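# Working through the structure, step by step
Here is how the chains run, residue by residue.
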Amino acid sequence: MTKLSVNINKVATLRNARGGNNPDVVKVALDCEAFGAEGITVHPRPDERHIRRSDVYELRPLLTTEFNIEGYPAPEFVDLVLKVKPHQVTLVPDAPDQITSNAGWDTKANLSFLTELMDTFGQAGIRTSIFVGTDKEMIEYAAKAGADRVELYTEPYATMYPQNPEAAIAPFIEAAKVTRSLGMGLNAGHDLSLVNLKYMHTHIPWLDEVSIGHALISDALYMGLKQTIEEYKNCLRS
Ligand SMILES: CC(=O)[C@@H](O)[C@H](O)COP(=O)(O)O
Ligand SMILES: NCC(=O)COP(=O)(O)O
């Protein structure tokens, strides 16, 4: 079964626009769970432009599904994750001022850095995932670093899908096979949507988890959160 983890960054973006607590990020997260989400993802950034460190602390004891924290492993991020102890940490190679994630790790060049982090989080009992592109060598070095899972960066798939779905999915199927052969779990995320999710799941049904934020929260403006989550989950049924 592929779990749907809802990324609630965009809910925090909306809240922060007015400085109050509307929409209430914690309530939305709990409602996502009540509507069937199997996990909640947050990606705190150093400027706290959406999810704040305080949100992460507040969410932890209240969530009943899987909590996934994504981000660049700067010392403050590592400290936050070790204090909060989510079920999963996903390391993303983002610069502090980056608008959004736009690439996976160079796991070969960062092998010792990542290996140390895998050890640190592993010893704390936190499952580890490394955000990577589809390059075979990058996935192999994620395994060498000791990652439990990789998260495939799916923006290139989402961009190419409308023109040529077969070409778009091909490198992801190969990457998913490599990941499986190395004994790692498999996550995917970035720009997944109701347009492209079902096709990906049909071709890679052994995906463990997808984390989806931007498109899902946008769809919820039209359909409401409950129906939107149901529709995303329908894409993940065999
Ligand atoms: C790693 C990844 O693809 C997502 O976490 C994405 O970067 C969301 O971050 P933003 O919501 O800040 O765009
Ligand atoms: N890991 C990807 C994620 O959490 C959400 O990315 P997006 O759906 O907001 O592009």
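Rules behind the numbers
- Residues numbered from 1 in each chain as written.
- Chains lettered and ligands numbered in written order.
- Predicted model: local features only at pLDDT ≥ 70, side-chain atom pairs only at ≥ 80, totals over all residues.
- Heavy atoms only, no water.
- Disulfide = S-S within 2.5 Å.
- Buried < 20%, exposed > 50% of the residue type's maximum accessible area, 1.4 Å probe, protein only.
- UniProt positions renumbered as here; feature names shortened; annotations may be inferred.
- Helix = DSSP H or I, 4+ residues; strand = E, 2+ residues; numbered from the N terminus.
- Contact = heavy atoms within 4.5 Å.
- Near = heavy atom within 4 Å.
- Polar contact = N/O pair within 3.5 Å; in protein donor to acceptor, adjacent residues only side chain to side chain.
- Areas by Shrake-Rupley, 256 points an atom, 1.4 Å probe, with all protein chains shown as cover.
- Nonpolar A, V, L, I, M, F, W, Y, C, P; charged D, E, K, R; others polar.
- Axes fitted to C-alpha atoms, helices over the stretch in contact; angles between N-to-C directions.
- Parallel < 35°, antiparallel > 145°, perpendicular 65-115°, else oblique.
- Left-handed = near helix turned anticlockwise from the far one by under 90°.
- Salt bridge = Lys/Arg side-chain N within 4 Å of Asp/Glu carboxyl O.

Covalent bonding between the sulfur atoms of two cysteines defines a disulfide. Under the counting rule described, the total for this entry stands at zero disulfides. Considering cysteine sulfurs only, Cys235 is the nearest to Cys32, which forms no disulfide, with 16 Å between them. Since its relative accessible area comes to 0%, Cys32 is described here as buried.

In this section: the UniProt feature "binding site: 1-deoxy-D-xylulose 5-phosphate" (unreviewed entry) in the protein. UniProt records the feature "binding site: 1-deoxy-D-xylulose 5-phosphate" (unreviewed entry) for Arg45, His50 and Thr100 in the present numbering. Spanning 56 residues, the annotated positions come together in the fold, the maximum distance between their C-alpha atoms being 11.6 Å. Given the relative accessible area of 6%, His50 is considered buried. Counting through the fold element by element, Thr100 comes out in the loop between strand 4 (88–91) and helix 5 (111–123). Residue Thr100 is classed as partly exposed on the basis of its relative accessible area, which comes to 37%. Once you skip the residues sitting within four places of it in the chain, Thr100 turns out to touch Arg45, Arg49, Asp94 and His190.

All residues adjacent to ligand 1 are Asn7, Asn9, Lys10, His43, Arg45, His50, Glu70, Val92, Thr100, Ser101, Phe131 and His190. Within the contact set of ligand 1, an oxygen atom lies 2.4 Å away from a side-chain nitrogen or oxygen of Glu70. Between Thr100 and ligand 1, the recorded distance is 2.5 Å, taken from a side-chain N or O atom to an oxygen atom. When the free accessible area of ligand 1 is taken as 350 Å², the share hidden by the protein chains comes to 91%. For the shell around ligand 1, a count of residues per class yields two nonpolar, seven polar and three charged.

Let us look at unusual backbone geometry. For the peptide bond that leads from Asn22 to Pro23, omega is 0°, which places it in the cis range. Looking at the secondary structure, you find Pro23 in the loop between helix 1 (9–16) and helix 2 (25–34). One non-glycine residue with positive phi stands out, namely His190, at about 115°. Within the secondary structure, His190 is located in the loop between strand 7 (185–189) and helix 9 (197–203). Phi is positive for Asp191, close to 65°, though the residue is something other than glycine. In this structure, Asp191 sits in the loop between strand 7 and helix 9. Since its relative accessible area comes to 38%, Asp191 is described here as partly exposed.

This part covers the packing of helix 10 (residues 214–223) against helix 11 (residues 225–235). One way to put it is that helix 10 packs onto helix 11 with a least axis distance of 7 Å and a crossing angle of 130°. Looking at the two axes, helix 10 sits oblique to helix 11. In the packing of helix 10 onto helix 11, the handedness of the crossing is right-handed. Taken together, the residues of helix 11 that come into contact with helix 10 (itself represented by Ala215, Leu216, Asp219, Ala220 and Met223) are Leu225, Gln227, Thr228, Ile229, Glu231 and Tyr232. For the contact of helix 10 with helix 11, a count of residues per class yields seven nonpolar, two polar and two charged.

To continue, consider the pattern of salt bridges. Applying the stated criterion to the full structure yields 13 salt bridges. Linking Asp94 and Arg45 is a salt bridge whose minimum nitrogen-to-oxygen distance equals 2.9 Å. Highlighted residues: Asp94 in the loop between strand 4 and helix 5 and Arg45 in the loop between strand 2 (39–42) and helix 3 (53–59), separated in sequence by 49 residues. Of the residues examined, Asp94 reaches a relative accessible area of 6% and is grouped as buried. What you see here is one network of salt bridges that share partners, running through Lys3, Glu66 and Arg127.

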